[in-house]
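# Residue-level structural notes
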Amino acid sequence: MNTESDEALASTERLVLREVRSHDLAVLERMWQDPVMRRYLGGPVPDEVVAERRVGDHTGSLMVTKRSGEIVGWCRLGRYRTGDLELSYAFLPEWWGRGYAREGCAAAVGLAFDRFPDATRLVAVTQEANRRSVHLLEALGMVRVDTFDEFGARQVMYAVDRPHSIDGETR
Ligand SMILES: CC(C)(COP(=O)(O)OP(=O)(O)OC[C@H]1O[C@@H](n2cnc3c(N)ncnc32)[C@H](O)[C@@H]1OP(=O)(O)O)[C@@H](O)C(=O)NCCC(=O)NCCS
């Protein structure tokens, strides 16, 4: 039987990042519809959109689990409309305030630059009012590069450049 560590795409002291599996759907559905998690994301997703997402493409989606396998959150490496590599994330509220998002997203950033060798930077966009999210991005060392209004709210784009390797070559 596979263990979490067999399937790990990345791991940290406390966490494992792995591909989404079909039995994650119940947790994903909660993430799409939980009013607390969706507060700054336009509110709960309607049932018909949930039905589409259930059978949709989950490429780039990663479940973040404790080393025991318990799910604490989700990250996604996708493309923003500018073509930039984009990080999205959502963690279950019962695990907020324990540094899991910081630890999991930091691992996702490293994975992003490994998986996408042509990407020179990675961006994340969040509502300015989403203080936890803004705080997370700044804790990850990301820098505010743009602000704009969309979906009736002020949005902020943060970015981090690909780290340079010791010999000065970009990885
Ligand atoms: C945005 C979101 C991921 C932030 O989650 P979070 O729990 O606040 O973030 P973290 O896991 O990084 O927790 C950070 C806090 O944990 C604390 N912490 C506790 N134990 C810790 C540990 N062992 N290591 C590190 N930090 C720890 C830190 O001190 C930090 O608080 P501080 O910086 O004020 O001191 C979460 O609110 C969320 O999922 N929201 C819903 C989805 C969403 O809005 N996503 C944004 C999409 S654009």
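First, a word on scope: everything that follows refers to the structure included in this document. Model, not experiment: these values are computed from the prediction.

Turning to the environment of T12, a few remarks are in order. Here T12 lies in the loop between β1 (10-11) and β2 (15-19). In this structure T12 comes out as buried when scored by relative accessible area, which is 16%. In sequence terms T12 and A119 are 107 residues apart; their C-alpha atoms lie 23 Å from each other. Apart from residues no more than four positions distant in its own chain, T12 is found in contact with R67, E103 and A107.

Of the voids in this model, the largest pocket is the one considered here, and its volume is about 1,600 Å³. Forming the boundary of the largest pocket are 50 residues, of which L41, W74, S88, Y89 and A90 lie nearest the centre. Looking at the lining of the largest pocket, the elements with two or more residues in it are α1 (25-33), β4 (71-79), β5 (85-91), α3 (100-115), β6 (121-127), α4 (131-139) and β7 (143-150). Ranked by the residues each element gives to the lining of the largest pocket, the list is headed by β5, at six residues. When its residues are assigned to classes, the lining of the largest pocket shows 24 nonpolar, 14 polar and twelve charged.

The next subject is α4. For α4, the full list of buried residues reads S133, V134, L136 and L137. Burial along α4 is one-sided: seen end-on, the buried residues are contained in an arc of 160 degrees. α4 presents R131, R132 and H135 as exposed residues on the side facing more than 90 degrees away from its buried surface. Positive backbone phi, at 85 degrees, marks G141, one or two positions downstream of α4.

Applying the stated criterion across every chain, the model contains one aromatic pair. Arranged with centres 6.0 Å apart and planes meeting at 75 degrees, the rings of W95 and Y100 form a pair that is edge-to-face.

In this section: the environment of F148. By the element assignment, F148 lies in strand β7. Looking at F148, the relative accessible area reads 17%, which means it is buried. Put simply, F148 and E128 are 20 residues apart on the chain and 9.7 Å apart in space, counted from C-alpha to C-alpha.

With that settled, consider the pairing of β4. Most of β4 is tucked away: seven of the nine residues are buried. Here five bridges tie strand β3 (residues 61-66) to β4, and the two strands are oriented antiparallel to one another. When the bridges of β4 are listed, T65 appears paired with I71. Hairpin connection from β3 to β4: four residues lie between these consecutive antiparallel strands, with G69 at a positive phi of about 105 degrees. Here β4 runs beside β5; their pairing, made up of seven bridges, is antiparallel. The residue of β5 that forms the bridge with R79 is L85. Linking two consecutive strands that pair antiparallel, namely β4 and β5, is a turn of five residues; a positive phi of about 95 degrees is found at G83 within it.

This part covers the site of the ligand. If you check the shell around the ligand, you find 20 residues, and the closest are F91, G97, R102, R132 and H135. A distance of 3.4 Å separates a nitrogen atom of the ligand from a polar side-chain atom of R14. Between an oxygen atom of the ligand and a side-chain N or O atom of R102, the distance comes to 2.7 Å. In isolation the ligand has 970 Å² of accessible area, and contact with the protein removes 72% of it. Mapped by element, the contributors of at least two residues to the shell around the ligand are β5, α3, β6 and α4. The element best represented in the shell around the ligand is α4, accounting for four residues. Considering only residue class, the shell around the ligand consists of ten nonpolar, six polar and four charged.

Each value, and the rule that gives it
- Residues numbered from 1 in each chain as written.
- Predicted model: local features only at pLDDT ≥ 70, side-chain atom pairs only at ≥ 80, totals over all residues.
- Heavy atoms only, no water.
- Helix = DSSP H or I, 4+ residues; strand = E, 2+ residues; numbered from the N terminus.
- Buried < 20%, exposed > 50% of the residue type's maximum accessible area, 1.4 Å probe, protein only.
- Contact = heavy atoms within 4.5 Å.
- 1 Å grid on protein atoms, 1.4 Å probe; cavity = no way out; pocket = protein on both sides within 12 Å on 5 of 7 lines; lining within 4 Å.
- Points joined across faces, edges and corners; volume = space filled by probe spheres on them.
- Nonpolar A, V, L, I, M, F, W, Y, C, P; charged D, E, K, R; others polar.
- Arc of directions from axis to C-beta.
- Phe/Tyr/Trp six-rings, centres within 6.5 Å; stacked < 30°, edge-to-face > 60°.
- Pairing = 2+ DSSP bridges.
- Near = heavy atom within 4 Å.
- Polar contact = N/O pair within 3.5 Å; in protein donor to acceptor, adjacent residues only side chain to side chain.
- Areas by Shrake-Rupley, 256 points an atom, 1.4 Å probe, with all protein chains shown as cover.

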